[in-house]
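Per-entry structural report
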Amino acid sequence: MKVLVVALQKDNKVASATYELIEAAKGLGGQINSVIMAENAEPMAQEIAGRGGAANGGKVIAVSDSHLRHFNDQLYTAALSELIARHTPDIVMGPATFYGKALFARLAAKNGGAMVSDAVKISAENGTVTAVRPHFGGAVLSTIKRNAAQQGGPLFVTIRPKIYPESKSGSGEVAAETVNIGPAGTTIREVKSESGGKVTLTEADVIVSAGRGIKGPEHIPMMQELADAMGAALGASRAIVDAGWIAYSHQVGQTGKTVNPKLYVAVGISGAIQHLVGMRSAGTIVAINKDKDAPIFNVANYGIVGDAFEIVPALTKRFQAELRR
């Protein structure tokens with residue numbers, strides 16, 4: 001069984017989810033090829049090879065082209081489709097991130113393949129691939145089985161970040177390859193990122209999220225201070241995003257980002273099902289809310305009933321003291 005891992009990068013830095021994909025691919029027991037595309041892909045390809053991105057006769061494919069400086073799902077789809085035809089993988093794996101989801105939907109459609117999105121487990125036995133994915137906020141798990149030899153065509157799978165550990169080591173060949181990078185219907189002229197270099201939600205091990213219980217946008221800095229003290233990303237409920245208190249990029253939930261951190265701290269969030277869908281698979285959930293009957297406590301491992309304006313500063317002070325030690 002041949003696996004092709006699609007590595008995504010931003011600003012010439014390999015997304016950490018790539019190494020989680022490689023670890024998942026190792027469990028399938030077949031040949032592992034990885035591909036990285038960028039303006040100058042070879043340095044990142046070497047890094048990927050050193051962490052297991054090529055195994056059992058596979059290689060890390062480096063595709064360098066000035067048109068690939070920024071992510072463009074149309075160009076990436078065309079380039080990857082050419083590589084898929086060239087290398088004939090049985091499984092093509094990518095991260096279930098914003099960019100990964102946009103890319104893999106196109107890839108599956110263009111290549112006539114089946115697709116499993118947001119998988120939380122993947123395995124293979126006797127040529128049959130088994131993937132598990134959640135529905136209804138994790139209340140239901142479905143198991144999908146597919147035999148590549150019998151059904152033909154690659155299976156496209158996106159894996160939810162933070163499910164698998166990162167692959168740490170390995171060795172393998174790096175091969176530079178060229179593809180036909182044709183004109184795209186859209187051209188990316190500039191990419192603007194939020195300042196401050198904050199931890200991104202989908203890659204964060206710790207997330208601190210705020211809801212309407214913080215009462216107003218003037219208290220966002222209080223939440224950011226706690227997040228900074230904990231080395232966490234700052235999340236938010238849809239309610240405060242819709243109210244304009246914080247940017248959409250912070251939203252966790254059904255219409256925001258699905259996250260899977262080791263620790264999720266929900267402050268002033270009641271626990272509507274739309275929010276729970278995006279975070280209930282977190283390793284440990286801590287809820288802070290003055291309403292003891294708030295639904296968030298039904299999924300929390302630890303609950304603190306009290307005033308967020310007393311509890312959050314106290315927690316921040318304690319974490320800051322720990323950082324200074």
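This text follows the structure it describes.
Residues numbered from 1 in each chain as written. Predicted model: local features only at pLDDT ≥ 70, side-chain atom pairs only at ≥ 80, totals over all residues. Heavy atoms only, no water.

Let us look at the overall build of the chain. A tally of regular secondary structure across the chain gives 9 helices and 17 strands. Expected size for 325 residues packed as a compact globule is a radius of gyration near 20 Å; at 21 Å, the chain falls within 12% of this value. C-alpha atoms of the chain, sized along the principal axes, occupy 60 × 40 × 40 Å. Here the contacts in the chain between residues at least 6 apart in sequence split such that 67% fall between residues at least 24 apart. Total accessible area on the chain stands at roughly 15,500 Å², and carbon and sulfur atoms take up 49% of it. Each charge class in the chain was averaged separately, 33 positive and 28 negative side chains, and the resulting centres sit 3 Å apart. (Helix = DSSP H or I, 4+ residues; strand = E, 2+ residues; numbered from the N terminus. Rg over C-alpha atoms; globule rule 2.2 N^0.38 Å. Contact = heavy atoms within 4.5 Å. Areas by Shrake-Rupley, 256 points an atom, 1.4 Å probe, with all protein chains shown as cover. Lys, Arg positive; Asp, Glu negative; His and termini not counted. Charge placed at Lys NZ, Arg CZ, Asp CG, Glu CD.)

Looking at where T316 falls in the secondary structure, it is placed in helix 9 (residues 308-324). By relative accessible area, which is 4% here, T316 ends up buried. When sequence neighbours within four positions are dropped, the list of residues in contact with T316 reads E225, L226 and A229. (Buried < 20%, exposed > 50% of the residue type's maximum accessible area, 1.4 Å probe, protein only.)

Relative to strand 9 (residues 128-135), strand 8 (residues 121-125) is paired through 5 bridges, and the arrangement is antiparallel. When the sheet's bridge partners are listed, K121 is paired in strand 9 with V132. (Pairing = 2+ DSSP bridges.)

At a minimum axis separation of 8 Å, helix 6 (residues 220-230) and helix 9 run at an interaxial angle of 30°. Of the possible angle classes, the one that applies to helix 6 and helix 9 is roughly parallel. Seen along the crossing, helix 6 lies across helix 9 with a hand that is left-handed. For the pair formed by helix 6 and helix 9, the contact residues are M222, M223, E225, L226, A229 and M230 on the first element and F309, V312, P313, L315, T316, F319, Q320 and L323 on the second. Looking at the contact of helix 6 with helix 9 residue by residue, the class counts come to 11 nonpolar, 2 polar and 1 charged. (Axes fitted to C-alpha atoms, helices over the stretch in contact; angles between N-to-C directions. Parallel < 35°, antiparallel > 145°, perpendicular 65-115°, else oblique. Left-handed = near helix turned anticlockwise from the far one by under 90°. Nonpolar A, V, L, I, M, F, W, Y, C, P; charged D, E, K, R; others polar.)

We now examine the sheet that holds strand 14 (residues 233-236). Across the sheet, which stays open at both edges, the 5 strands sit in the order 14-13-15-16-17 with parallel pairing between neighbours. The open sheet has two free edges, formed respectively by strand 14 and strand 17 (302-305), since each of these has just one partner strand. Neighbour-to-neighbour, the strand axes of the sheet open up by a mean angle of 20°, direction not taken into account. Sitting on the sheet, helix 6 is in contact with strand 13 (206-210), strand 14 and strand 15 (263-267), with an inclination near 170° to strand 13. Contacts from helix 9 reach strand 15, strand 16 (284-289) and strand 17, with the element oriented near 135° to strand 16.

Turning to the packing of aromatic side chains, a few remarks are in order. One pass over the full model with this rule turns up 4 aromatic pairs. Seen in terms of ring centroids, F98 and Y99 are 5.4 Å apart; in terms of plane orientation they differ by 75°. Their pairing is edge-to-face. We classify F98 as exposed; its relative accessible area is 65%. Here the aromatic rings of F104 and F156 are separated by 6.3 Å at their centres, their planes lie at 80°, and the arrangement is edge-to-face. With a gap of 52 residues between them, F104 in helix 4 (residues 98-111) and F156 in strand 11 (residues 155-159) connect regions that are remote in the sequence. F104 gets classed as buried once you look at its relative accessible area, which sits at 0%. According to the relative accessible area criterion, F156 is buried, its value standing at 0%. Pairwise contacts between aromatic rings join F71, Y76, F98 and Y99 into one cluster. If you follow R51 out to its NZ or CZ, it ends over the ring of Y19, 3.7 Å from the centre. The lysine or arginine in question, R212, covers the ring of W245, its NZ or CZ lying 5.7 Å from the ring centre. (Phe/Tyr/Trp six-rings, centres within 6.5 Å; stacked < 30°, edge-to-face > 60°. Lys NZ or Arg CZ within 6 Å of the ring centre and 35° of its normal.)

Across the sheet, which stays open at both edges, the 3 strands sit in the order 8-9-10 with antiparallel pairing between neighbours. On the outer flanks of this sheet lie strand 8 and strand 10 (140-147), each paired with one strand and no other. On average, each strand axis in the sheet is tilted by 20° relative to the strand beside it, whichever way the strands run. Here 8 bridges tie strand 9 to strand 10, and the two strands are oriented antiparallel to one another. In the sheet register, V129 faces strand 10, and the bridge partner there is R146.

What follows deals with the environment of A266. Residue placement: A266 occurs in strand 15. In this structure, the C-alpha to C-alpha distance between A266 and N289, residues 23 residues apart in sequence, is 8.3 Å. If near-sequence neighbours (up to four positions away) are discounted, A266 is found in contact with S209, V286, A287, I288 and I296.

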